[in-house]
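# A structural walkthrough
In case you want the letters, here they are:
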Amino acid sequence: MKERWGIIGLGFIAQRHMDAIEDIGDELIMACDNDLSKFSKITGNVFCTNNWLTMVNVPEFKLVDNVAICTPNHLHPPMIVECEKRGKKVLCEKPLTIDSKYIGMMNGTRTVLQLRHNPEMIELKKKITSGHKVRLQLLINRGKFYWEGWKGQEKKSGGLLFNIGIHYFDLMQWLFGNVLSNNIVLSEGHHSIGTIEFQKASVFWEFYLHQPMDTQIRTLVVDGKPYNLAKRFENLHLKVYEDFKNGKGVSKHEAAKSIKLVERLTMAGSTTP
């Protein structure tokens, strides 16, 4: 059955959401962004506004079944709460929140943590036992656009570990179980290093955002075997939407695990010289 969507936020990631909505046979009927030029991305008869509160309060919003939230991270909680209050099902980009105190205010919202749908990671999960030695490295390049936009502002993005690390911390917990202990070795705005002891694995992790373009890597090494996390990374939103349409997906309770882990890591890192 075709369902109708509204989308809040039309930045870079929104295109994957719009493509997925079309690919599952649903329809986008409303959109919001404070940059009016971004409405050029949309075709067809779609209600557009530059104010999300205007969107959720117009009579046409009653026609919406689902809302996709693709805004800066700090805006997620109020948008989720308002949409749920109006009876809408919500799919929100990661992280649901950069402050776990807001999780209790949310209900059935699902979040986008698409690495769980990576086929190689699904196969790896079947092989996990215990005592694994793991090295996770995300050495990538983020240029001027990243640092001058909201992602480069810690109050809006939550910083490196929330804005980028959350995907990988969620993946580690999904693969290796609950966190037993964690430690920060280095904590800077563009570079973080640490270790985490999970139930089934000891993980060394590193995130770095000034890697030269031609040497970027997204690698997970488990007991000496490497997995390229960049492979098939960009086309996983469709799987997220298929789950959502079938009443599945990553709940707030699952998402809270990595959110609370990042909070602990951030707190530990704030005391690093």
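Remember, predicted model here, so these are calculated numbers, not experimental data.

Rules of the game
- Residues numbered from 1 in each chain as written.
- Predicted model: local features only at pLDDT ≥ 70, side-chain atom pairs only at ≥ 80, totals over all residues.
- Heavy atoms only, no water.
- Phe/Tyr/Trp six-rings, centres within 6.5 Å; stacked < 30°, edge-to-face > 60°.
- Helix = DSSP H or I, 4+ residues; strand = E, 2+ residues; numbered from the N terminus.
- Buried < 20%, exposed > 50% of the residue type's maximum accessible area, 1.4 Å probe, protein only.
- Patch = residues over 30% accessible without salt bridge, like charges linked within 9 Å, V, L, I, M, F, W, Y side chains within 5 Å.
- Areas by Shrake-Rupley, 256 points an atom, 1.4 Å probe, with all protein chains shown as cover.
- Salt bridge = Lys/Arg side-chain N within 4 Å of Asp/Glu carboxyl O.
- Lys, Arg positive; Asp, Glu negative; His and termini not counted.
- Charge placed at Lys NZ, Arg CZ, Asp CG, Glu CD.
- Pairing = 2+ DSSP bridges.
- Axes fitted to C-alpha atoms, helices over the stretch in contact; angles between N-to-C directions.
- Contact = heavy atoms within 4.5 Å.
- Core = buried A, V, L, I, M, F, W, Y, C linked by side-chain atoms within 4.5 Å.

Using the criterion set out here, one finds eight aromatic pairs in the structure. Ring centres of W5 and Y241 lie 5.0 Å apart, and the angle between their planes is 45°; on these two criteria the pair is classed as tilted. Linking W5 in strand β1 (residues 4-8) with Y241 in helix α8 (residues 237-245), this pair joins segments that are 236 residues apart in sequence. Note on F169 and F207: the rings are 5.4 Å apart at their centroids and 80° apart in plane angle, and the pair reads as edge-to-face. Here F169, found in helix α7 (residues 160-176), pairs with F207, found in strand β10 (residues 201-208); they are 38 residues apart in sequence, far enough to count as distant. The residues F169 and F207 share a single accessibility class, namely buried.

Residues D19, E22, D23 and E242 make up a contiguous surface patch of negative charge. Element by element, the count of residues in the negative patch is highest for helix α1 (residues 14-23), at three residues. Within the secondary structure layout, E242 lies in helix α8.

This part is about unusual backbone geometry. Cis geometry is adopted by the peptide bond preceding P95, which originates at K94 and carries an omega value of -20°. Here P95 is to be found in the loop between β5 (89-93) and β6 (110-112). The phi angle at D223 is positive, at roughly 50°, despite the residue not being glycine. The class for D223 is partly exposed, based on a relative accessible area of 47%.

Moving on, we get to the sheet that holds strand β4 (residues 66-69). One open sheet accounts for six strands, arranged β3-β2-β1-β4-β5-β6; its pairing is parallel. A strand with exactly one partner marks an edge of an open sheet, and here the two such strands are β3 (47-49) and β6. Ignoring strand direction, the axes of neighbouring strands in this sheet form an average angle of 20°. Judged from the three bridges that link them, β5 and β6 form a sheet pairing that is parallel. Following the sheet pairing, E93 is matched in β6 by V112.

Another aspect to go through is the sheet that holds strand β7 (residues 132-139). Reading across the sheet, the six strands line up as β8-β9-β10-β7-β11-β12 and stay open at both edges, with mixed pairing between neighbours. Two strands close off the open sheet at either side, each with one partner strand: β8 (179-187) and β12 (225-228). The mean angle between the axes of side-by-side strands here comes to 15°, regardless of whether they run parallel or antiparallel. Two elements, β7 and β10, share eight bridges in a ladder whose sense is parallel. Each bridged residue has a counterpart across the sheet, and for L139 the counterpart in β10 is Y208. Across the sheet, helix α4 (residues 119-127) lies against β7, β11 (217-222) and β12, angled at about 150° from β12, the strand it touches most.

Moving on to the pattern of salt bridges. Opposite charge on two side chains makes pairing possible when the charged atoms of those side chains draw close. Applying the stated criterion to the full structure yields 11 salt bridges. Note that E3 is salt-bridged to K89, the shortest N-O span being 3.8 Å. One end of the pair, E3, is in the segment before β1; the other, K89, is in strand β5, with 86 residues separating them in the sequence. Among the residues examined, E3 registers a relative accessible area of 13% and is labelled buried.

This part is about the nonpolar core. With 62 residues, the main nonpolar core has M172, F176, W205 and L220 as its most contacted residues. In contact with F176, other than residues within four places in its own chain, are I128, V134, F198, Q199, K200, A201, V203 and V222. The next biggest cluster of nonpolar side chains, apart from the first, holds 20 residues, and it includes W5, A31, C70 and V112.

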